[in-house]
Each structure stands twice: as structure tokens, then as C-alpha cells.
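Spelled out from the first residue to the last, the chains are:
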Amino acid sequence: MRAEFPTIQAAINAAVDGDAVLVNNGVYIGGGNWDLDTLGKAIEIRSSDGPATTIISGDGWKRIFSVRSGEGPDTIIRGFKVFFGYGYSSYEIPGGGISCVGTSPTIQDCIVTHCVSDSSSPGGAGIGCSGGSPTIIGCLISDNSAGYGGGLGFESSNAVVQNCLITRNVASSDGSAVACRESNVSFINCTIVDNTASGSGWLRADYGASISMMNCIVWSNTPQTIVGNPAQLMMSFSNIEGGWPGVGNIDLAPLFVDPDGPDNNPASWGDNNYRLAAGSPCIDAGDNAAVLAGVFTDLDGRPRFFRRSSHSRHGPGRAAGCGHGRIRVPRAAHCDRLAKRPHARGARGTGDRS
Ligand SMILES: [Ca+2]
Ligand SMILES: [Ca+2]
């Protein structure tokens, strides 16, 4: 059974467990299309054609998604550009773009960008989670800003972050890319580059937070430091600028194809290319065992395991990092213009109960 709805929230309201809410291409903004509440339902909310063409804007003063009613991994948010969200000032409710409170949703194939959180630690401007065990997979987290945790923030949370590119996020205090407290967070095949904190650290992990990082590239962050207890920061098979103790770690220029893009401007990230060039020391530097079951592709949708290495005890050869190449998204100015349109274009959610 297929039904059509005037807003995304209306489709969610009508959905029951097992449904898919399919969202057509367009720019969504305004009541019913922001501050979306998944209402504890085991549903997949997804765009029909991916995040480049399906944009939900908070217009700088609303969150995009709130997941706070006991949702589990079968609540899936997939394929959206989560744009210009804002998290209210509240210690208990982190997150500017997507906020998860005591829940364990799957957030997949999203671009989370230009979101802001002014909540106290950890803010997590792009995605902020308090409690629960969320999974964030195949996402680009860029150009978000918070006091703590410019890209991602976790508190009392057991999160997995895989195949993600976390770049150009800003913290006015600590943790430009990520802030964690009282949490256990695993990063697998992620690339964390060009994030900036006014205080310390691309990563802030305090109040007993434990971090596991495998097959990741951490490079060119300002400052390239970590705030946390080294005994609780387990990193392996990763390329970390400045070095970090752990099996298989390296500290070598990752040889991205063109990290500032053809325009030679790192600030215009739409053309920046973090794919690994031939000869990169990150190729064949990862540990296959770290990749979650069922994951065979990288952020580009290309094979994660791309050749068999005759000398590797880890089986098929694979590269550290998220394997991100060029993600085609509108330039920020263009996004601003779209977001400030008074009415959504094509604002129609479709609940598909097939
Ligand atoms: Ca260039
Ligand atoms: Ca550029």
C-alpha cells in the first residue's frame, strides 16, 4: 500500500514498524519538514536519490531529526543532506543536525553539514548522542560547529562510526571532530582531516570515555592533539599524524589524490578529493578484521577490499580511511540560497507500505 503525505513528519506519523518512508528529491524546510521525530518507530526514512538532491534544512534554528523514544537499529535515517540544523542550549539534549537520546538508530549515507550546537559538553553539532548505541555509517560530517565536538558528540553512548569522512568541523573549545564523555566509541575506516579547535584536540575523550580506532586516517587537524587518557584510546592499523602507539599504526603523509581540489583551496571542500593516490602508505595498511560484517564498500560505494595481497595475513588487501573521493554537493552559498526559500520545493513525503 502506498500513500502520499504533504510533509515528511506526516508520513512518519502514519508509518508503522517495518514501513519505509520514501522522500522525493527536493529542499525541505519548515514545520513538518524539520524537527522530525521518529516516534520510536522501527521504520526506514530514506531519500529516493541520495543526499545530493534531498536536502532538509533547519534554517539555522531547528534540528533536523530527533530520535528519543527508544528507537533501535531498525530505525534508519538514510540518504539525506542534513543541513543548517541548530541544537538548543541544553546539557541533556546534544546534537544540532541529528539528536539521539537513549536510542540506537542507524544513520547511513547522509551528508551532515553546516549544523550548530551551542549545548555544553559534548555538543556534537552534526550528530549528538546521549546514551544508546547508535551506528553512523557512510556519512560525510563537515563544516559543523560547536563548543565541544564540532562534528560528533557522545555522552554515555556506545557508538560505532564507520566509513565516514569527518572534515572541516570547528570547536570553539575542544574536540574539533569528536567529543566523547563516559562513552565507548569505535571508529572504523574513517578519515578525519582538516578539523579546527580553538582549544585542544581533534578528539576530546574524557570522563572515562574509551575510544577504539581502526583503519582510520587522522591528518591535518588544527591542533593535531588528543584530550584524553592514553590508556583508554586504543588505536590500530591507522595513520595518525604525529603518531600514536598501537599495532599497525603509521605516521606518514597519506597521499590523498588532491585534498584541496582542483581550485587549490582547502576551504572549498566540494571539489576536495581525499581518495588515496597510488603509492599511499594507507593502502594495505588496514586490518580487515575490523570491518563490520556485511560491509563491502567504502564511502564512494567502491569495493572496500580491492585486491588480494599475497603477503598479507589479513587476507584481501584494503586501505585505511573511508575511501572518500569527491562528493558532489552544492557549494555553501548555493545551499544558503536554497535553504532560505520560503517554501519547500517538492515537499512531499511518501509513505510506502508495500
Ligand atoms: Ca589542488
Ligand atoms: Ca577545494
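In what follows, the structure referred to is the one given above.
Basis of the calculations
- Residues numbered from 1 in each chain as written.
- Chains lettered and ligands numbered in written order.
- Predicted model: local features only at pLDDT ≥ 70, side-chain atom pairs only at ≥ 80, totals over all residues.
- Helix = DSSP H or I, 4+ residues; strand = E, 2+ residues; numbered from the N terminus.
- Buried ≥ 20, exposed ≤ 12 C-beta atoms within 10 Å, placed from the backbone.
- Contact = placed C-beta atoms within 7 Å.
- Pairing = 2+ DSSP bridges.
- Core = buried A, V, L, I, M, F, W, Y, C linked by C-beta atoms within 7 Å.

### Let's talk about the overall build of the chain
Phase 1 of the analysis: The secondary structure content of the chain amounts to two helices and 37 strands.
Phase 2 of the analysis: Evaluated residue by residue, the chain yields a buried proportion of 54% over its 354 residues.
Phase 3 of the analysis: If you take every contact in the chain between residues at least 6 apart in sequence, the share linking residues at least 24 apart comes to 73%.

### Notes on unusual backbone geometry
Phase 1 of the analysis: Cis geometry is adopted by the peptide bond preceding P223, which originates at T222 and carries an omega value of -5°.
Phase 2 of the analysis: The phi torsion at D109 lies on the positive side, around 55°, for a residue other than glycine.
Phase 3 of the analysis: For D109, the position within the fold is in the loop between β12 (106–108) and β13 (111–113).
Phase 4 of the analysis: A positive phi angle is found at N264, which is not glycine, with a value near 55°.

### Side note on the sheet that holds strand β26 (residues 196–197)
Phase 1 of the analysis: With parallel pairing, the five strands of this open sheet are ordered in space as β10-β14-β18-β22-β26. Whereas interior strands pair on both sides, the edge strands pair on one side only; in this sheet they are β10 (86–87) and β26.
Phase 2 of the analysis: Bridge count for β10 against strand β14 (residues 116–117) is two bridges, and the pairing is parallel. Looking at β14, one finds that G87 is bridged to S117.

### Observations concerning the sheet that holds strand β29 (residues 217–219)
Phase 1 of the analysis: Judged by pairing direction, the sheet is parallel, and its nine strands sit side by side in the order β3-β6-β9-β13-β17-β21-β25-β29-β32 without closing on themselves. In this open sheet, the two edge strands, each paired with only one partner strand, are β3 (26–28) and β32 (239–240).
Phase 2 of the analysis: With two bridges connecting them, β29 and β32 associate as parallel partners. Residue pairing in the sheet places I217 in a bridge with N239 of β32.

### A short note on the environment of M214
Phase 1 of the analysis: In this fold, M214 is placed in strand β28 (residues 210–214).
Phase 2 of the analysis: Sequence separation of M214 and S238 is 24 residues, and the distance between their C-alpha atoms is 5.9 Å.
Phase 3 of the analysis: Beyond its immediate chain neighbours, meaning those up to four positions away, M214 contacts I188, S236, F237, S238, D287 and A290.

### Considering the nonpolar core
Phase 1 of the analysis: Ranked by size, the top nonpolar core spans 88 residues in total, and within it V82, I98, V112 and C139 carry the most contacts.
Phase 2 of the analysis: When near neighbours in sequence (up to four residues on either side) are disregarded, I98 contacts I64, F65, I77, V82, I107, V112 and I127.

### Some words on the environment of D49
Phase 1 of the analysis: Position of D49 relative to the elements: it lies in the loop between β5 (44–47) and β6 (54–57).
Phase 2 of the analysis: Classification of D49 as exposed rests on a count of 12 C-beta atoms within 10 Å.
Phase 3 of the analysis: Linking D49 and N25, residues 24 residues apart in sequence, is a C-alpha distance of 6.7 Å.

### Here's the deal with the pairing of strand β24 (residues 184–188)
When a strand is regular, its side chains alternate between the sheet's two faces.
Phase 1 of the analysis: As paired elements, strand β20 (residues 158–162) and β24 share five bridges and run parallel to each other. When the sheet's bridge partners are listed, V160 is paired in β24 with S186.
Phase 2 of the analysis: As paired strands, β24 and β28 are joined by five bridges and run parallel to one another. Of the residues in β28, the one forming a bridge with F187 is M213.

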